Amino acid sequence: MAIFSEYNFSSKKALIRVDFNVPLNEHFEITDDTRMTSTMPTIKKILADGGSVILMSHLGRPKDGPTDKYSLKHLVSHLKTLLVDVKVDFANDCIGQEAIDKSAALQNGEVLLLENLRFYKEEEKGDAAFAEKLSKLGDVYVNDAFGTAHRAHASTAVIANYFAADKKMFGLLMEAEVISAEKVLHAAEKPFTAIIGGAKVSDKILIIENLLNRATDIIIGGGMAYTFWKAQGKMIGNSLCEDDRMPLALEILAKAKSLGVNIHLPIDSTIADKFAADAQTSNCESYGIPSGWMGLDIGQKAVSDFSEVILNSKTILWNGPMGVFEMEKFQNGTKSIALAVAEATSNGAFSLVGGGDSVAAVNMFHLADKVSYVSTGGGAMLEYFEGKILPGIAAIQKG
Ligand code: AMP
């Protein structure tokens, strides 16, 4: 593979797979343009080198071919505001004569956005002929769509087969995601603490299993902690629990012990008499929650325990909130842990926050710039943490 920052794009047409799957309101206005802004450094470097850019992306989940609602034409005017003084054109199809002609006519310093890739079912099927047609539009292939790297789609993986090793590379956003994730999973400075939270054990089981072989300490918070307590015969009242996962929880505890990995469960909880923002609240041990009450956040003792572990760490991976942070009464645990991660980072630890809700939490508490890296990768980052090989990464790295 080629290295993006070392590549000279002068007079090259760079075909970039971006993730422009942005949320639109009913007037087709973009309500959050993070996915577009985060790939701008990649686009701007190519233009600054004197190359041109052909952008391809999906938007939404169109079921039956071209649909106005999912057209990428709705993004063109905003793209122009992000690329001041750059000529931006749009092709009404991602393959076919118009795409071929407009790509061929593209001058250095110009940008062409292709229509939604998922208007063709061949995209998600990873169809080779479709991928080959796309590949013909550019001289080099750049993948900057980490959010879809876990999919073996035509534009995210298969297309790379049609470019020589020195003509395919990660874009700057994708490279930053891969470097951060690899640093944590394969080159973590110890002590390495993983903080895993969120609602369900079943969603996080593969991550925990993978991290058992890597982490020094695993902190388990959020709703999933109660399955671990109940599995050990404790009273958790009406807290969230997956009874069918209790044997697995015991297996994890036993495996951690045999591997010398410290598992930390929240010793106390903020409990509530109902799952609601106006619930009555109290505090008690997480392993003795009265019936009729449920644990909706970690308590103050747990915050102290967890913070101590976090502040002793050199590498921190955080996925999933410690409580129902969407409700003010149950925010304290997640916020306190976010602050501890920020403090550890300012003391020199490397911290990576990845996966939907923990990313939302650090943003909510305005701490995103106080951690080392916040992944935009969502599901792709989760699969990476699970130890899976992501097709979008493998396709660039091989050959
Ligand atoms: P996940 O998508 O698995 O990371 O789960 C995130 C969700 O878990 C958030 O919406 C939280 O409100 C929820 N959550 C966190 N802690 C608890 C808890 N103790 N009980 C119920 N839901 C929780």
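Here the structure is a predicted model, which means the values were calculated and not measured. (Residues numbered from 1 in each chain as written. Predicted model: local features only at pLDDT ≥ 70, side-chain atom pairs only at ≥ 80, totals over all residues. Heavy atoms only, no water.)

Participant: Mind showing me how you'd approach the overall build of the protein here?
Facilitator: Helices and strands together make up the secondary structure of the protein, namely 15 helices and 17 strands. The C-alpha radius of gyration computed for the protein amounts to 23 Å, which stays within 12% of the reference 21 Å derived for 399 residues, consistent with globular compactness. In terms of its C-alpha atoms, the protein occupies a principal-axis envelope of roughly 70 × 45 × 35 Å. Taken across its 399 residues, the protein has 54% of its residues classed as buried. (Helix = DSSP H or I, 4+ residues; strand = E, 2+ residues; numbered from the N terminus. Rg over C-alpha atoms; globule rule 2.2 N^0.38 Å. Buried < 20%, exposed > 50% of the residue type's maximum accessible area, 1.4 Å probe, protein only.)

Participant: It is not clear to me how the packing of aromatic side chains should be interpreted in this structure. Could you clarify?
Facilitator: Any aromatic ring pair is given by two values, namely how distant the centres are and how the planes are angled relative to each other. Under the definition given, this model contains 5 aromatic pairs. Pairing Phe4 with Phe9 gives two aromatic rings, centres 5.2 Å apart and planes at 45°, and the pair type is tilted. By relative accessible area, Phe9 is classed as buried at 0%. The structure contains a cluster of three or more aromatic residues connected by ring pairs, namely Phe4, Tyr7 and Phe9. (Phe/Tyr/Trp six-rings, centres within 6.5 Å; stacked < 30°, edge-to-face > 60°.)

Participant: Honestly, the nonpolar core in this entry has me stumped. Any pointers?
Facilitator: As a rule of thumb, soluble globular proteins bury nonpolar side chains together. Leu114, Phe146, Leu211, Ile218, Ile220 and Phe228 are the most contacted members of the largest nonpolar core, which totals 73 residues. Here this core spans two domains, and each of domain 1 (4–174) and domain 2 (188–385) adds at least three residues to it. Ignoring any residue separated from it by four or fewer positions in sequence, one finds Leu211 in contact with Leu185, Phe192, Ala194, Ile196, Ile218 and Leu317. Ranked by size, the runner-up nonpolar core spans 30 residues in total, among them Tyr7, Ile16, Leu82 and Val111. (Core = buried A, V, L, I, M, F, W, Y, C linked by side-chain atoms within 4.5 Å. Domains from an automatic or database assignment. Contact = heavy atoms within 4.5 Å.)

Participant: Could you clarify how one ought to interpret the sheet that holds strand S11 (residues 268–272) in this entry?
Facilitator: Strand order in the open sheet formed by 3 strands is S12-S11-S14, and the pairing between neighbours is antiparallel. The open sheet is flanked by strand S12 (281–285) and strand S14 (294–298), the only strands paired with a single partner. Between one strand axis and the next, the sheet turns through 40° on average, direction left out of account. Across 5 bridges, the pairing between S11 and S12 is antiparallel. In the sheet register, Ala272 faces S12, and the bridge partner there is Thr281. (Pairing = 2+ DSSP bridges. Axes fitted to C-alpha atoms, helices over the stretch in contact; angles between N-to-C directions.)

Participant: What exactly am I supposed to notice about the site of the ligand here?
Facilitator: Neighbouring the ligand are 16 residues, the closest being Ala199, Lys204, Gly295, Glu326 and Asp357. Within the backbone of Ala199, an N or O atom sits 3.1 Å from an oxygen atom of the ligand. Contacts to the ligand include Gly295, whose backbone N or O atom sits 3.0 Å from a nitrogen atom. Out of a free accessible area of 510 Å², the ligand has 82% covered by protein chains. (Near = heavy atom within 4 Å. Polar contact = N/O pair within 3.5 Å; in protein donor to acceptor, adjacent residues only side chain to side chain. Areas by Shrake-Rupley, 256 points an atom, 1.4 Å probe, with all protein chains shown as cover.)

Participant: How should the side chain of Thr39 be read in this particular structure?
Facilitator: Considering the arrangement of structural elements, one finds Thr39 in the loop between helix H1 (34–37) and helix H2 (40–49). For Thr39, a relative accessible area of 1% corresponds to the buried category. With residues up to four places along the chain from it excluded, the contact list for Thr39 reads Val18, Phe20 and Asp144.

Participant: Would you take a moment to explain the packing of helix H11 (residues 300–311) against helix H12 (residues 332–346) for this structure?
Facilitator: Each pair of packed helices can be summarised by the angle the axes make with each other and by the distance between the axes. Packing of H11 against H12 leaves a shortest axis separation of 9 Å and a crossing angle of 20°. It follows that H11 is roughly parallel to H12 by the angle criterion. H12 is crossed by H11, and the crossing has right-handed handedness. Two secondary-structure elements touch here, H11 through Gln300, Val303, Phe306, Ser307, Ile310 and Leu311 and H12 through Asn332, Gly333, Ser336, Ile337, Ala340, Val341, Glu343 and Ala344. For the contact of H11 with H12, the residue count by class is 8 nonpolar, 5 polar and 1 charged. (Parallel < 35°, antiparallel > 145°, perpendicular 65-115°, else oblique. Left-handed = near helix turned anticlockwise from the far one by under 90°. Nonpolar A, V, L, I, M, F, W, Y, C, P; charged D, E, K, R; others polar.)

Participant: So what exactly am I meant to see when it comes to the pattern of salt bridges here?
Facilitator: In a structure, side chains of opposite charge can pair up when their charged atoms sit close to one another. As enumerated under the stated definition, the model contains 14 salt bridges in all. With its nearest N and O atoms 4.0 Å apart, the salt bridge here joins Arg118 to Glu124. For Glu124, a relative accessible area of 39% translates into the label partly exposed. The salt bridge partner of Glu132 is Lys136, with a shortest N-O separation of 3.5 Å. Judged by relative accessible area, Lys136 falls into the exposed class, the value being 61%. Three or more residues are tied together by salt bridges with common partners; here these are Asp89, Glu98 and Lys102. (Salt bridge = Lys/Arg side-chain N within 4 Å of Asp/Glu carboxyl O.)

Participant: I would appreciate a short explanation of the domain arrangement of the protein in the present structure.
Facilitator: How big an interface is tends to be stated in terms of accessible area lost as the parts join. Entries for the protein in the domain assignment read domain 1 (4–174) and domain 2 (188–385). On a C-alpha basis, the centroid separation for the pair domain 1 and domain 2 is 37 Å. Domain 1 puts 5 residues into the contact, and the matching count from domain 2 is 8 residues. Summed over both sides, the interface of domain 1 with domain 2 buries roughly 550 Å², with 67% coming from carbon and sulfur. The interface formed by domain 1 and domain 2 contains 0 salt bridges. A breakdown of the residues in the side of domain 1 that touches domain 2 according to their chemical character gives 3 nonpolar, 2 polar and no charged. (Buried area = accessible area lost by both parts, 1.4 Å probe.)

Participant: For this particular structure, what's the right way to read the pairing of S11?
Facilitator: Across a regular strand the side chains alternate sides, sitting on one face of the sheet and then on the other. Buried residues dominate S11, accounting for 5 of its 5 residues. Neither face of S11 is exposed, since Asp268, Thr270 and Ala272 on one face and Ser269 and Ile271 on the opposite face are all buried. The pairing of S11 with S14 spans 4 bridges and is classified as antiparallel. Considered in S14, the bridge of Ala272 is made with Met294.

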